[in-house]
Amino acid sequence: MSMLTPPGMGGKKFRVTGNHYPRMRRPRRRRKVLAALSITSVLGLLGYGTLQLVDVFSGDEDTERTAPATSGRPQSGTNCAPEQPEERRVEPPEPSAITVNVFNATQRTGLAQATADALAERGFTIGEVANAPEELDGKVEGTGLLLGTTAAEEAGALTVLATQLEGAETDQNRPGQRANTAESVDLVIGENFQELTAEEEADRRLAELTEPSPTPTDEAGEAETPVC
């Protein structure tokens, strides 16, 4: 009798023989837990993948929503011109604020006085009237030469007087010059001088200095090119 046979139970009917032994089964509860964990992991992966796809397709919309608000002007990178600072325009002086010294650099007598009288009638203040200084006498070939200081040029005194004499040249700080303030200008009459510019034309040019109007080309260029 085998030692594995309980007492009182003889025979081979209850004898355990062979190499196969009964195996213990895992508890069913543990299988349920593993199955639940597996399902949870799969659902988590599916959910994460879904979120990634949503981010990809909704990325452009989010960018548009979070883009900073603009002032309505084209953004950098567009074809636009940089905004230019507004230039300060200097108002030209009135003719009465300009003192004109009239000098005759030609051999024609009385030319300086006649020209000075005509300028006085147009509102200019007349200073010295005489023959041209030695440094300038006989050395002006054009209609005339306007001389002044740098301050007179910047103030616009030279430009205002130039409206009265067609083809006159301008210069600053020449030898023999008498004008030494921002309000004074020398008019040296040259060999080709005949008379002052017609008063009507001179007034038109003077008005353009006071109220300059933009040209059609400038207006078209501003309309086509936006300012950033």
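Below, the structure is looked at part by part.

Here we take up the overall build of the protein chain. When you go through the protein chain residue by residue, the secondary structure sums to 6 helices and 5 strands. For the protein chain, buried positions account for 24% of its 228 residues. Put simply, 82% of the contacts in the protein chain that link residues at least 6 apart link residues at least 24 apart.

Mapped onto the elements, Thr 106 comes out in the loop between β1 (99-104) and α2 (111-121). Within the local environment of Thr 106, its side chain forms a polar contact with the side chain of Asn 104, the two groups lying 2.6 Å apart.

Let us look at the sheet that holds β1. Sheet architecture is open: 5 strands sit in the order β2-β1-β5-β3-β4, paired in mixed fashion. A strand with exactly one partner marks an edge of an open sheet, and here the two such strands are β2 (125-131) and β4 (169-172). Ignoring which end each strand starts from, the neighbouring axes of this sheet average 20° apart. Pairing of β1 with β2, which is carried by 5 bridges, proceeds in the parallel orientation. Each bridged residue has a counterpart across the sheet, and for Val 102 the counterpart in β2 is Val 129.

The next point concerns unusual backbone geometry. You will see that Asn 173, though not glycine, has its phi angle at about 50°, which is positive. Position of Asn 173 among the secondary structure elements: in the loop between β4 and β5 (184-189).

Within the fold, Thr 143 resides in the loop between β2 and β3 (144-148). Since its relative accessible area comes to 19%, Thr 143 is described here as buried. Of the polar contacts made by the side chain of Thr 143, one reaches the backbone oxygen of Glu 166; its length is 3.0 Å. Setting aside residues up to four positions removed in sequence, Thr 143 forms contacts with Leu 165, Glu 166, Gly 167, Ala 168, Ile 189, Gly 190, Asn 192 and Phe 193.

What follows concerns the pattern of salt bridges. As enumerated under the stated definition, the model contains 5 salt bridges in all. Residue Arg 205 is joined to Glu 201 by a salt bridge in which the shortest nitrogen-to-oxygen separation is 3.1 Å. Separated by 4 residues within a single helix, Arg 205 and Glu 201 lie in helix α5 (residues 199-210), roughly one turn from each other. The exposure class of Arg 205 is partly exposed, given its relative accessible area of 23%. Among the residues examined, Glu 201 registers a relative accessible area of 24% and is labelled partly exposed. Through salt bridges with shared partners, a single ionic network connects Glu 166, Glu 201, Arg 204, Arg 205 and Glu 208.

Mapping Thr 181 onto the fold places it in the loop between β4 and β5. Exposure remark for Thr 181: the relative accessible area of 33% places this residue in the partly exposed category. Spatially, the C-alpha atom of Thr 181 lies 9.9 Å from that of Ile 98, the residues being 83 residues apart in sequence. With sequence-adjacent residues up to four places away left out, Thr 181 is seen in contact with Thr 149 and Ala 152.

As a further point, take the pairing of β3. Burial within β3 is extensive, with 5 of its 5 residues counted as buried. Here β3 shows no split at all, with Gly 144, Leu 146 and Gly 148 on one side and Leu 145 and Leu 147 on the other all buried. Two strands pair when backbone bridges link them, and β3 and β5 are joined in this way by 4 bridges, in the antiparallel orientation. Looking at the pairing, Leu 147 lines up with Asp 186 of β5. Of the pairings in the sheet, the one linking β3 to β4 comprises 4 bridges and is parallel in character. For Gly 148, the partnering residue across the bridge sits in β4 and is Gln 172.

Turning to a negative patch on the surface, a few remarks are in order. A cluster of acidic residues, Asp 117, Glu 121, Glu 199, Glu 200 and Asp 203, forms a negative patch at the surface. Looking at the negative patch, the elements that each hand over two or more residues are α2 and α5. Of note, Asp 203 is situated in helix α5. Asp 203 sits in the partly exposed class, given a relative accessible area of 43%.

Conventions used here
- Residues numbered from 1 in each chain as written.
- Predicted model: local features only at pLDDT ≥ 70, side-chain atom pairs only at ≥ 80, totals over all residues.
- Heavy atoms only, no water.
- Helix = DSSP H or I, 4+ residues; strand = E, 2+ residues; numbered from the N terminus.
- Buried < 20%, exposed > 50% of the residue type's maximum accessible area, 1.4 Å probe, protein only.
- Contact = heavy atoms within 4.5 Å.
- Polar contact = N/O pair within 3.5 Å; in protein donor to acceptor, adjacent residues only side chain to side chain.
- Pairing = 2+ DSSP bridges.
- Axes fitted to C-alpha atoms, helices over the stretch in contact; angles between N-to-C directions.
- Salt bridge = Lys/Arg side-chain N within 4 Å of Asp/Glu carboxyl O.
- Patch = residues over 30% accessible without salt bridge, like charges linked within 9 Å, V, L, I, M, F, W, Y side chains within 5 Å.
- Areas by Shrake-Rupley, 256 points an atom, 1.4 Å probe, with all protein chains shown as cover.
- Lys, Arg positive; Asp, Glu negative; His and termini not counted.
- Charge placed at Lys NZ, Arg CZ, Asp CG, Glu CD.

Treat this as a map of the structure, not an account of what it does.
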